[in-house]
Amino acid sequence: MNVDHWQHIYDTKNDDQVSWTEPYPRIAIDYITSLDLPLTANIIDVGGGTGKFVDALLDLGFANITVLDISEAALAKSKARIGDRASMVTWVVADITTFSTDNTYDFWYDRAVFHFLTEEKQIFSYMERVSNYVKPAGNFLLGTFSKNGPLKCSGLEIRQYSAEELLETFSPTFELAKCFKHIHTTPFDTAQEFQFCGFIKK
């Protein structure tokens with residue numbers, strides 16, 4: 001993935017100037033609260049950027065949160081927004097396709113990173129990592145642009161997915177929990193259709 005591209009985006013644009021911004025991560029929070037995980041659950045937000053999932057998790061009392069993003073500038077903005085609570089979070093600047101860790105996670109969340117991986121080797125690297133780093137019986141919630149969604153984002157080509165394609169991609173190591181579509185309204189008042197699927201590690 002292009003580090004310089006994302007650094008430039010977060011260095012030059014505010015949240016109200018990028019399409020993926022959402023005022024509150026309702027989809028992710030509704031999903032994770034439905035799982036009734038303990039507050040000690042190990043959670044990773046992949047491509048968390050300046051998103052507010054981490055804020056909402058802290059508000060709920062979760063104590064083991066990792067936010068990963070390829071852009072150091074994005075994470076710096078999140079740390080500044082959160083203030084003193086930033087010390088309660090593990091911040092990781094990394095490309096998810098080369099990310100390495102000794103940790104394993106009870107909940108892996110990815111909203112709009114996976115669909116930027118357009119090469120088969122990138123997709124395979126991602127699959128390896130989510131398979132290795134999610135605990136057995138752990139949860140994985142993935143959101144990508146649907147077949148009715150945009151073809152590009154932030155000037156980059158993306159790969160659209162149907163629910164069937166996501167299931168086929170991750171079925172070797174995950175069982176499907178549920179799939180659903182969601183219409184995201186951008187800060188520019190345009191609509192983007194996402195395909196979400198939740199999985200459980202076999």
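In this text, all values refer to a predicted model and were calculated from it rather than measured experimentally.

(A) Representation of the pattern of salt bridges. Throughout the structure, instances matching the rule amount to ten salt bridges. One salt bridge connects D59 with R85, and the closest N-O pair in it is separated by 2.9 Å. Of this pair, D59 sits in helix 3 (residues 53–60) while R85 sits in the loop between helix 4 (72–82) and strand 3 (89–93); the two residues are 26 residues apart in sequence, bridging distant segments of the chain. Judged by relative accessible area, which is 28%, R85 ranks as partly exposed. The salt bridge involving E193 is made with K181; its shortest N-O contact spans 3.8 Å. Note that E193 is positioned in strand 9 (residues 191–201) and K181 in strand 8 (residues 174–185), a separation of twelve residues in sequence. Residue classification places E193 among the buried positions, given a relative accessible area of 15%. By relative accessible area, K181 is classed as exposed at 52%.

(B) How the structure looks around the state of the cysteines. Scanning all chains against the criterion turns up one disulfide. A sulfur-sulfur separation of 2.0 Å characterises the disulfide bridge that pairs C179 with C197. When the S-S torsion is 105°, as for the bridge of C179 with C197, the disulfide is right-handed. In this pair, C179 is assigned in strand 8 and C197 in strand 9, connecting sequence segments 18 residues apart. Overall, the relative accessible area of 0% leaves C197 in the buried class. Looking at the unpaired C153, the closest cysteine sulfur is the one in C197, lying at 19 Å.

Definitions and cut-offs
- Residues numbered from 1 in each chain as written.
- Predicted model: local features only at pLDDT ≥ 70, side-chain atom pairs only at ≥ 80, totals over all residues.
- Heavy atoms only, no water.
- Salt bridge = Lys/Arg side-chain N within 4 Å of Asp/Glu carboxyl O.
- Helix = DSSP H or I, 4+ residues; strand = E, 2+ residues; numbered from the N terminus.
- Buried < 20%, exposed > 50% of the residue type's maximum accessible area, 1.4 Å probe, protein only.
- Disulfide = S-S within 2.5 Å.

Worth remembering: the numbers are spatial, not functional.
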